[in-house]
Amino acid sequence: MRAHLRLTVLVAGLVLLALVPPLAAALNQPFYLDLLRRVMIFAIAAVSLNLILGYGGMISFGHAAYLGIGAYAVAILAYHGIYNGFVQFAVAVGASAGIALVIGAVSVRTSGIYFIMITLAFTQMLYFLGISLEEYGGDDGMRLARRSELADLIDLGNPVSFYYLVLGVLIAFLYLSHRLVNSRFGMVLRAAKSNEARTRAIGIAPYRYRLVAFVIAGAMCGVAGALEVNHTNYLTPNVMHWTRSGEIMFMVILGGIGTLGGPALGAFVLLLLEDLLSGWTQHWQIILGPLLVLAVLFAKRGLAGLLPGDRRDG
Amino acid sequence: MAEALLAVRNLVKQFGALRACDGVTLEVLPGETHAIIGPNGAGKTTLIGQLSGDLRPDSGRIRFAGQDVTRLRAPARSHLGLARSFQITSVYRDFTALDNVALAVQAHAGHSYRFWRPALGERALREPARCILEEVGLGERAEVLAANLAHGEQRQLEIAMVLATKPRLMLLDEPVAGMGAEESQRMVQFLSSLKGRQTIVLVEHDMDAVFSLADRISVLVYGRVIATGTPEEIRINPEVRAAYLGEED
């Protein structure tokens, strides 16, 4: 039973999240809906980064790039009058995957500090590209012309529907990454992280598997970006700022690298703490910083690592 | 005489000023256990690295099973049937013993672009892996994390992974290194049980192991093969005694 505690906590957490909209309505606190929606969008980004960082050992310091590409895809299409959400999300995913393929093809050949620096450099390039796009608001950004229209299925203008869409995507992506990391593909990815020389010796060249994982993670994060721009209703290049990449990375590390639900938990803890402390004092970062240092020092496998878990759930 | 399974010609590998491999020529016949011995720093591990494809030689040729493999990298050579163990135990420490071997089976069961079905439940991978673990004597320890296995067991596990790739030639880099007397005895026994079925290149410091396992021995000194012959021939070779065995007395 102990072995499944982590999974139980994850499921319980997701059930709680499903209960938030009626609770928020009953307590007349719509603000929480908004806050948790944002948290879940970042949880999606963290889950996607965990696929390559946690299971693949690829320390990408540029994951916000795909958040940006997803956001820009939706906002630019909307700017040109294409409001169809299915088209927008498809373009967001396709563009994120395509750019991840290009960035990955170069960076996945490297490892360690070089990989960190190359992924950071590519993301900075995209960030400055965003700033230079005067047509789409440049430095200041621009309002999203209209939220994505998903036929009559889900109305993103309705906070509750939008909330459940984000929750649905989060659950779907958690399940997807669970399947991925336990498949033959996932085993190769984890093996290459654990011991590259051994992996090559048994006949597997890790490069392409890592690249495929890098592309999948980028595409997943593109969805988070498309949701994020709908959430804020505003496009800004800041979505690709390097501190954003660092934040997503921190969520993964805080929550538990290479655990299924850990990164989502990390997103919750980090963003809720931020919200709590910033409501309390203007200098909230002075408190948050040391807290995070302590968390990393005393919970080496992250918060999820504090719970006993089945190694195989990953 | 049968054609060599592995033929090495004039292999040279230089690290800065050091010529770790200085024109090595060597033939391994099908079915034999061919030991490579030599004092520390003779270039044994460098040689194994070049045979497995982890190191690229500066010059020279390596033919394996009638094919020039000099420019092939380790994963490609593995698929031709060359499998190595490492001097310093190299297993997936965070996988169970069974998962370690199952992954080696998987590596030789087509591509791994399978994204959905859990590999941990695939009988096509687990069953053969379990058989091989039984064979090397780790059947009872299948579900133990590799990191929690004793040192000797980890070495056995590595041999199991080598076997799981269905090799035509096993390159074993000091398989009994760091083992206690009893463990090393068991390993030697196991390796001798492979004799005839497997072709083995064995780099080893333990002379008891070498002389009880090898059909032929090549002696490597300063990156050169100074003699090749049966254990008896090597034992009485004056040059070898002077360069190597003499040090042991």
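### Looking at the domain arrangement of chain B
Residues and elements named next belong to chain B.
Consideration 1: Domain assignment breaks chain B into domain 1 (1-81 + 167-249) and domain 2 (93-166).
Consideration 2: Inter-centroid distance (C-alpha atoms) of domain 1 to domain 2 is 26 Å.
Consideration 3: The greatest single-element share of the side of domain 1 that touches domain 2, amounting to three residues, is contributed by helix H6 (residues 181-194).
Consideration 4: Along the lines of polarity and charge, the residues of the side of domain 1 that touches domain 2 split into six nonpolar, three polar and one charged.

### Examining the pairing of strand S4 (residues 59-64) of chain B
Residues and elements named next belong to chain B.
Consideration 1: Pairing of strand S1 (residues 6-15) with S4 involves five bridges; the strand directions are antiparallel. Bridge pairing links Val8 to Ile62 in S4.
Consideration 2: Across two bridges, the pairing between S4 and strand S5 (residues 67-68) is antiparallel. Bridge pairing links Phe64 to Gln67 in S5.

### So, the confidence of the model for chain B
Residues and elements named next belong to chain B.
Consideration 1: Per-chain confidence: chain B averages 92 in pLDDT, with 97% of residues scoring 70 or above.
Consideration 2: By mean pLDDT, the top-scoring element of chain B is helix H3 (residues 97-107) (97), and the lowest-scoring one is helix H9 (residues 238-248) (72).
Consideration 3: Across the whole predicted complex the pTM is 0.93, and at the interface the ipTM reaches 0.92.

### Focus on the packing of helix H6 (residues 159-182) of chain A against helix H7 (residues 184-194) of chain A
Residues and elements named next belong to chain A.
Consideration 1: Their axes nearest at 4 Å, the elements H6 and H7 cross at an angle of 70 degrees. With respect to H7, the element H6 is oriented roughly perpendicular. Of H7, the residues touching H6 (which contributes Leu180, Val181 and Asn182) are Phe185, Gly186 and Arg190.
Consideration 2: Split into classes, the residues belonging to the contact of H6 with H7 amount to three nonpolar, two polar and one charged.

### Structural notes on the interface of chain A and chain B
Consideration 1: Counting residues at the interface gives 21 residues for chain A and 29 residues for chain B.
Consideration 2: Put simply, the parts of the chain that give the side of chain A that touches chain B at least two residues each are H6, H7 and helix H8 (196-201) of chain A.
Consideration 3: Broken down by element, the residue count for the side of chain A that touches chain B peaks at six residues, all from H7(A).

### Remarks on the sheet that holds strand S7 (residues 169-173) of chain B
Residue and element names in this part refer to chain B.
Consideration 1: In space, the six strands of this open sheet follow the order S6-S7-S8-S3-S9-S10, with mixed pairing throughout. If you trace the sheet from one side to the other, it starts and ends with strand S6 (82-84) and strand S10 (224-229), each paired once. For this sheet the average axis-to-axis angle between neighbouring strands, irrespective of direction, equals 20 degrees.
Consideration 2: Alignment of S7 against strand S8 (residues 199-203), held across five bridges, turns out to be parallel. When the sheet's bridge partners are listed, Leu172 is paired in S8 with Leu202.
Consideration 3: Of the strands in this sheet, strand S3 (33-37), S6, S7, S8 and strand S9 (216-221) are in contact with helix H1 (residues 44-52), which crosses S7 at around 150 degrees.

Thresholds, definitions, all that
- The residue numbering used here restarts from 1 in each chain and proceeds along that chain's sequence as written.
- The naming scheme follows written order: chains are lettered A onward, ligands numbered 1 onward.
- Given that the model is predicted, a residue must reach a pLDDT of at least 70 before its local features are reported, and side-chain atom pairs must reach 80 or more before they are shown or counted; all residues, however, enter totals for whole chains, interfaces and linings.
- Annotation comment: domain bounds sourced from an automatic or database domain assignment.
- Helix and strand definitions follow DSSP, with helices as H or I runs of at least four residues and strands as E runs of at least two, each counted in order from the N terminus.
- When residue character is reported, Ala, Val, Leu, Ile, Met, Phe, Trp, Tyr, Cys and Pro are called nonpolar, Asp, Glu, Lys and Arg charged, and the others, Gly included, polar.
- Following DSSP output, two strands are said to pair if at least two bridges run between them.
- In predicted models, pLDDT denotes the confidence assigned by the predictor to each residue on a 0 to 100 scale.
- Every axis in this analysis is a line fitted to C-alpha atoms, fitted for helices over the stretch in contact. Angles between the N-to-C directions lie between 0 and 180 degrees.
- An angle below 35 degrees is treated as roughly parallel, one above 145 as roughly antiparallel, one from 65 to 115 as roughly perpendicular, and anything else as oblique.
- Two residues qualify as a contact pair if the distance between their C-beta atoms, derived from the backbone, is within 7 Å.

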